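# Coordinate analysis (summary)
Here is how the chains run, residue by residue.
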Amino acid sequence: MNRKDMGQQRAVLCGYYGQGNGGDEALLASLLQMLPAQVEPLVLSGSPVQTHNRYNVAAIDRNNPRLLIQALRRSHLFIWGGGSLIQDATSAMSPLYYTGLMQLAQRLGLTTIAWAQGIGPLKRSTTRWLARNTFANCAAISVRDAGSAALLSDWQIPFTLAPDPVWALDSLPVEGLWELPAPRVAVNLRTHPLLTPARLENLTQALIAFQKATQVCILLVPFQASQDLAIAQAIQPRLPGASRVFSLDNPQQLKGLFRGVEMTIAMRFHGLIMAAAQECRCFALSYDPKVTHLMEQLAIPGWELPQIPDDPNQICQVWLEHYANGVGLSDAQIQFQIDRALIHQEVLQKAILGG
């Protein structure tokens, strides 16, 4: 029997889920929002109980081989994404894990979909070969950036290009946000080798001066506790005015927070997308090519980390200029990104339902 004629279909969802990263959780929430009603999802998660409780879906331990094989044998679909899963910049093990699972799903006869992918960097010839061969056997592929599209084009593998799905994620209000004094500015910083202690101190000094000049309430917004929270907690006591650390587990609330702020200074890719989608003025501090590409695509001002000025006063003056005269995306620009992001949903519909 053709699996597309079977009504309810079981799908294994594989990504960097249940690992405490707000951006990846937002991708999972977006995927669940876009799945056809006929699909019954099973999420591979680093924290399956938390994933089940948060999204009301079935979840299993992503590192339990026995449960993984059982899940694949009971399923019809394997959906791989989204985000930068296939890259070897941080670890050679990550692409081995993801390509290994995808190839196992393909051998077991599941319909495999690579969804909202950001591919690369792939510095090792082995991982490039694995990635190319695995993507070539997918039933459908969608990517979220031109670099990934160019790589697949070089490999002569068909794909669909669309903006990150988080543009289309529904947002929810944040309790207590509107009780804080306005105007508000959100700040997101994460650990990175290029965010040296000296650069972090300069940014902190600039933020202190910025708050003194504007009297804004500063919201420090960690996206991943293991990389962002300590920085936020170190900066907050030094701020002279109103401030608060917002640690939000619900990705829809995380996106909703930016509706209540005037300007966002962020390193995180999804922090910038969420803020831009909520009509917020954005200023980027790029640690990764995907952030730099987003800056170029949306004309977001900012610096790559090595370009950050050494003078906190200079940093502050640039922020003050953007706060006073910068503009966010227009309603039409935001709607364009949302409409284009929904192409990822069309890819799922076509691959799963055949239309």
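For the structure itself, look to the data block above.
An account of the accompanying structure is given in this report. All chains use their own residue numbering, which begins from 1 and follows the written sequence. For this predicted model, a pLDDT threshold of at least 70 governs which residues receive local features, and a threshold of 80 or more governs which side-chain atom pairs are given and counted, while totals over whole chains, interfaces and linings are taken from all residues. Side-chain measures here rest on the full set of heavy atoms in the structure, leaving out hydrogens and waters.

This paragraph deals with helix H3 (residues 65–73). Because each turn of an α-helix spans 3.6 residues, side chains separated by three or four positions in sequence point in the same direction. Accessible area is worked out with a 1.4 Å probe on protein chains only. A residue is then buried under 20% of its type maximum, exposed over 50%, and partly exposed in between. Strands are runs of DSSP state E lasting at least 2 residues, helices are runs of H or I lasting at least 4, and numbering of each runs from the N terminus. The complete set of buried residues in H3 reads Leu68, Ala71 and Leu72. Summarising the axial view, the buried residues of H3 lie within an arc of 95 degrees, below the 170-degree limit, and thus occupy one face. Among the exposed residues of H3, those pointing more than 90 degrees away from its buried face are Arg66 and Arg73. Contacts between residues were defined by any pair of non-hydrogen atoms, one from each residue, lying within 4.5 Å. Each element contacted by the buried residues of H3 is listed here: strand S1 (9–14), strand S2 (39–45), strand S3 (58–61), strand S4 (77–83) and helix H4 (93–107). The directions considered for the arc are those from the helix axis to the C-beta atoms.

Turning our eyes to something else, we now look at helix H7 (residues 197–214). Taking 1.5 Å of rise per residue, the 18 residues of H7 would be expected to cover 26 Å, and the 25 Å separating its terminal C-alpha atoms lies within 8% of that figure. In this structure, the buried side of H7 is in contact with strand S8 (184–188), strand S9 (217–220), helix H8 (225–235), strand S11 (263–266), strand S12 (281–286) and helix H12 (312–325). Phi turns positive, to about 65 degrees, at Gln215, one or two residues after H7. Any helix carries an expected span of 1.5 Å times its number of residues minus one.

Burial along S11 is two-sided: the face carrying Met263 and Ile265 and the face carrying Thr264 and Ala266 are both buried. Note: S11 against S12, 4 bridges, orientation parallel. Within the sheet, the bridge partner assigned to Met263 lies in S12 and is Arg281. Between S11 and its parallel partner S12, the chain crosses via helix H10 (residues 269–277), and the hand of that crossover is right-handed. Strand pairing requires that DSSP identify at least two bridges connecting the strands. Viewed with both strands pointing away, a crossover whose connecting path from the first strand over the helix to the second turns clockwise is right-handed.

On to the environment of Trp167, then. Inspection of the secondary structure assignment puts Trp167 in the loop between strand S7 (160–161) and S8. The sequence separation of Trp167 and Arg268 amounts to 101 residues, and the corresponding C-alpha distance is 14 Å. When sequence neighbours within four positions are dropped, the list of residues in contact with Trp167 reads Lys255, Ile273, Ala276, Ala277, Leu298, Leu329, Gln337, Ile338 and Ala341.

On to the packing of aromatic side chains, then. Ring geometry is summarised as follows: Phe, Tyr and Trp rings, the Trp one being its six-membered ring, pair when their centres sit within 6.5 Å, and such pairs are stacked at plane angles under 30 degrees, edge-to-face over 60 and tilted between the two. Overall, the coordinates contain 6 aromatic pairs when judged by the stated rule. Seen from their ring centres, Phe283 and Trp303 are 5.0 Å apart, and the 70 degrees between their planes marks the pair as edge-to-face. Note that Phe283 is positioned in strand S12 and Trp303 in strand S13 (residues 302–304), a separation of 20 residues in sequence. According to the relative accessible area criterion, Trp303 is buried, its value standing at 13%. Residues Phe283 and Trp319 carry aromatic rings whose centres are separated by 6.3 Å and whose planes lie at 80 degrees to one another, so their mutual orientation is edge-to-face. A residue pair is termed long-range when its members are at least 10 positions apart, and Phe283 in strand S12 and Trp319 in helix H12 qualify at 36 residues. Here the two residues Phe283 and Trp319 agree in accessibility, since each one is buried. Each ring is checked for a lysine NZ or an arginine CZ that lies within 6 Å of its centre and within 35 degrees of its normal; such an atom marks a charge sitting over the ring. For the cation-ring pair, Arg244 lies above Phe246, with the distance from its terminal atom to the ring centre recorded as 4.2 Å. The ring of Tyr323 has Arg281 sitting right over it, with the charged end atom 5.2 Å from the ring centre.

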